Amino acid sequence: NAKPYRGYAGKITSLEDAVLTLERRGKEGGWTVDIDLTEETKYRLPGAGEVTAQEFETYVTDALAAERTIRAVTKAVKAEDGTITAEAARIIPKLVAGKVTSVADAELILETKDSAVAIALTEETRYGIPGQGQVTATEFTEYFDEATADDKVVKTAVRVNEEDGTVTALGIKVLRANGPKKKVMRFIQRLRNRRVNRIVDGMGEAK
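On a predicted model such as this, the values are computed, not experimentally measured, just so you know.

### Re the overall build of the chain
A count of helices and strands for the chain gives three helices and 14 strands. Buried positions account for 39% of the 207 residues belonging to the chain. Taking the intrachain contacts of the chain between residues at least 6 apart in sequence as the baseline, contacts between residues at least 24 apart amount to 51%. Within the structure as shown, the chain displays about 12,900 Å² of accessible surface, and the carbon and sulfur contribution to it stands at 45%.

Take a look at the structure:
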């Protein structure tokens, strides 16, 4: 009598009275879905791992009050009456893409389409380079220095956690150079989709 589960992902618009509301997007426009949270619901935050319901609520409330866009993915069960109940909920790290203008020991400056963004680097930050896979922070810096010396542009997609005004890099992936803009955007969208699928799969199978 195993119950099927579904992964619901979208932008959080509210969290009130143990109901998480997500705004979803589709080809025919957007819509919202209400997901009930219970005492059994498990929660995870970027860079923090598993947290309590209160910590999750505080994170979401503070982000919404600061008018920051945050997205979540839930593993949920949908009842016959249409009620959706979350077994697990997780904040999806924000994805920022742009041109790297500088790399220091603890900070990366990324030039996006809107502005320059300072992103903090930590010992937990992971790095990926096309053709090399995962590399160390030193190897990433050397790659950037060599590219800069050859007048090449280094574009990256960065998974970040934004809290208390600080943007911290969880993972940095170098995009292949000289790709058309549409191709790069399609790559970033595929990266987002794969990330959501891995998150849902990682939440485990429904009992």
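### Details of the pattern of salt bridges
Inspection of every chain in the model, using the stated rule, returns three salt bridges. Across the pair Lys11 and Glu23 runs a salt bridge, and its minimum N-O distance is 3.4 Å. Of the two residues, Lys11 is situated in strand 1 (residues 6-16) and Glu23 in strand 2 (residues 19-26); the sequence distance between them amounts to twelve residues. Between Glu111 and Lys99 there is a salt bridge; the shortest N-O distance is 4.0 Å. Residue Glu111 is found in strand 9 (residues 107-111), and its partner Lys99 is found in strand 8 (residues 94-103); the two are separated by twelve residues along the sequence. On the accessibility criterion, Glu111 (39% relative accessible area) is partly exposed.

### Remarks on the pairing of strand 14 (residues 166-174)
Burial analysis of strand 14 places seven of its nine residues in the buried class, which makes it a mostly covered element. Looking at chain direction, strand 11 (residues 126-129) and strand 14 are connected through three bridges and run parallel. Note that in strand 14 the partner of Arg126 across the bridge is Gly171. Where strand 13 (residues 155-163) and strand 14 come together, eight bridges link them in antiparallel fashion. Across the sheet, the residue bridging to Thr156 is Val174, located in strand 14.

### Re unusual backbone geometry
The residue Asp17 is not glycine, and still its phi comes out positive at about 50 degrees. What makes Asp17 exposed here is its relative accessible area of 76%.

### Details of the environment of Ala169
The topology assignment puts Ala169 in strand 14. The exposure class assigned to Ala169 is buried, which follows from its relative accessible area of 1%. Between the C-alpha atoms of Ala169 and Thr122, which are 47 residues apart in sequence, the distance is 7.4 Å. Dropping the residues within four chain positions of it, Ala169 is found in contact with Ile119, Ala120, Leu121, Thr125, Val158, Arg159 and Val160.

### What to know about the pairing of strand 7 (residues 84-92)
Within a regular strand, side chains alternate between the sheet's two faces. Relative to strand 7, strand 4 (residues 42-45) is paired through three bridges, and the arrangement is parallel. Note on strand 7: the bridge partner recorded for Tyr43 is Ala89. The pairing of strand 6 (residues 71-78) with strand 7 spans eight bridges and is antiparallel. Across the sheet, Lys75 pairs through a bridge with Ala88, a residue of strand 7. Between strand 6 and strand 7, which follow one another and run antiparallel, lie five residues, and Gly82 among them has a positive phi close to 95 degrees.

### Re the nonpolar core
By size, the foremost hydrophobic cluster in this structure holds 22 residues, and its most contacted members are Tyr8, Ile12, Leu22, Ile35, Phe56, Val60 and Ile91. At the level of elements, strand 1, strand 2, strand 3 (29-36), strand 4, helix 1 (53-65), strand 6 and strand 7 are the ones that each hand at least two residues to this core. Beyond its immediate chain neighbours, meaning those up to four positions away, Leu22 contacts Tyr8, Ala9, Gly10, Lys11, Ile12, Trp31, Thr32, Val33, Ile35 and Ala72. Counting residues in each nonpolar core, the second largest holds 21 residues, with Tyr127, Ala147, Val158 and Ile172 among its members.

Cut-off values and rules
- Residues numbered from 1 in each chain as written.
- Predicted model: local features only at pLDDT ≥ 70, side-chain atom pairs only at ≥ 80, totals over all residues.
- Heavy atoms only, no water.
- Helix = DSSP H or I, 4+ residues; strand = E, 2+ residues; numbered from the N terminus.
- Buried < 20%, exposed > 50% of the residue type's maximum accessible area, 1.4 Å probe, protein only.
- Contact = heavy atoms within 4.5 Å.
- Areas by Shrake-Rupley, 256 points an atom, 1.4 Å probe, with all protein chains shown as cover.
- Salt bridge = Lys/Arg side-chain N within 4 Å of Asp/Glu carboxyl O.
- Pairing = 2+ DSSP bridges.
- Core = buried A, V, L, I, M, F, W, Y, C linked by side-chain atoms within 4.5 Å.

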